[in-house]
Amino acid sequence: QVQLVESGGGSVQAGGSLRLSCAASGRTFSSYAMGWFRQAPGKEREFVAAISGRGGSTYYAGSVKGRFAISRDNAKSTVHLQMNSLKPEDTAVYYCAANPSVSYYINDYNYWGQGTQVTVSS
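Presented here is a report on the structure given in the accompanying data block.

Quick notes on the rules
Residues numbered from 1 in each chain as written. Predicted model: local features only at pLDDT ≥ 70, side-chain atom pairs only at ≥ 80, totals over all residues. Heavy atoms only, no water. Helix = DSSP H or I, 4+ residues; strand = E, 2+ residues; numbered from the N terminus. Buried < 20%, exposed > 50% of the residue type's maximum accessible area, 1.4 Å probe, protein only. Contact = heavy atoms within 4.5 Å. Phe/Tyr/Trp six-rings, centres within 6.5 Å; stacked < 30°, edge-to-face > 60°. Lys NZ or Arg CZ within 6 Å of the ring centre and 35° of its normal. Core = buried A, V, L, I, M, F, W, Y, C linked by side-chain atoms within 4.5 Å. Pairing = 2+ DSSP bridges.

Before going further, it helps to examine the environment of Ser103. Along the chain, the position of Ser103 falls in the loop between strand S9 (92–99) and strand S10 (111–112). Using a relative accessible area of 8% as the deciding quantity, one classes Ser103 as buried. Note: C-alpha distance between Ser103 and Gly55 (48 residues apart in sequence) is 14 Å. In this structure Ser103 touches Phe47, Ala50, Asp108 and Tyr109, once residues within four positions along its chain are discounted.

We describe a pair of aromatic rings using the distance from one ring centre to the other and the angle between the two ring planes. Going through the model one piece at a time under the given rule, you end up with 8 aromatic pairs. Ring centres of Tyr32 and Tyr111 lie 6.0 Å apart, and the angle between their planes is 80°; this geometry places the pair in the edge-to-face category. Taken together, the residues Tyr32 in the loop between strand S3 (18–26) and strand S4 (33–39) and Tyr111 in strand S10 connect sequence positions 79 residues apart. Residue classification places Tyr111 among the buried residues on the basis of a relative accessible area of 17%. Within the aromatic cluster, the residues linked to one another by ring pairs are Phe37, Phe47, Tyr59, Tyr95, Tyr104, Tyr109 and Trp112. In this arrangement the basic side chain of Arg45 is found over the ring face of Trp112, its NZ or CZ atom lying 4.9 Å from the centre. Against the face of Phe29 rests Arg72, its NZ or CZ located 4.3 Å from the ring centre.

This part covers unusual backbone geometry. We note that Ser77 has phi near 50°; this positive angle belongs to a residue other than glycine. For Ser77, the position within the fold is in the loop between strand S7 (68–73) and strand S8 (78–83). The class for Ser77 is partly exposed, based on a relative accessible area of 21%. Backbone geometry places Ser85, a non-glycine residue, at a positive phi of 50°. Inspection of the secondary structure assignment puts Ser85 in the loop between S8 and S9. The exposure class assigned to Ser85 is partly exposed, which follows from its relative accessible area of 40%.

Of all hydrophobic cores here, the largest spans 35 residues; its most connected members are Leu4, Met34, Trp36, Leu81, Met83 and Tyr94. When residues of this core are traced back to their parent elements, those giving at least two are strand S1 (2–7), S3, S4, strand S5 (46–51), S7, S8, S9 and strand S11 (116–121). Beyond its immediate sequence surroundings of up to four residues, Tyr94 is in contact with Glu6, Leu20, Trp36, Phe37, Arg38, Val48, Phe68, Leu81, Met83, Gly115, Thr116 and Val118.

Time to look at the pairing of S9. Of all 8 residues in S9, 7 are buried, a share of seventy percent or more. Note that S4 and S9 share 7 bridges and pair antiparallel. Within S9, the position partnered with Gly35 by the bridge is Ala97. Two strands pair when backbone bridges link them, and S9 and S11 are joined in this way by 3 bridges, in the antiparallel orientation. Bridge pairing in S11 places Val93 opposite Gln117. In this sheet, S10 lies alongside S9 in antiparallel orientation, the contact comprising 2 bridges. Each residue of the ladder has a partner; that of Ala97, found in S10, is Trp112.

The values are spatial; any link to function lies outside them.
This is the structure in structure tokens:
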């Protein structure tokens, strides 16, 4: 079992930055790939970024590539999402998730946090 708790959400103006964090507890953190997903009001949850267990490989949705950066600190069992040049369309609840292998697909992830709200105003 893995427990995940997100933090760092908030409100920011367009062009600003936020850094989300996800703290994990439970089994060996480095054995899990970690993903960030988001869900905007009235829309389906979508993939944002993912990182392999040891951090050597990262993956991004096209809509955030070049603006967001995912990283992890296995010693602290934490994964981060640095979000720069934020746009109003980035407004959503952001979730971190854990899975034994990297995947873009929501249904592949076994463990989820409760989510953190990000609001970007124009």
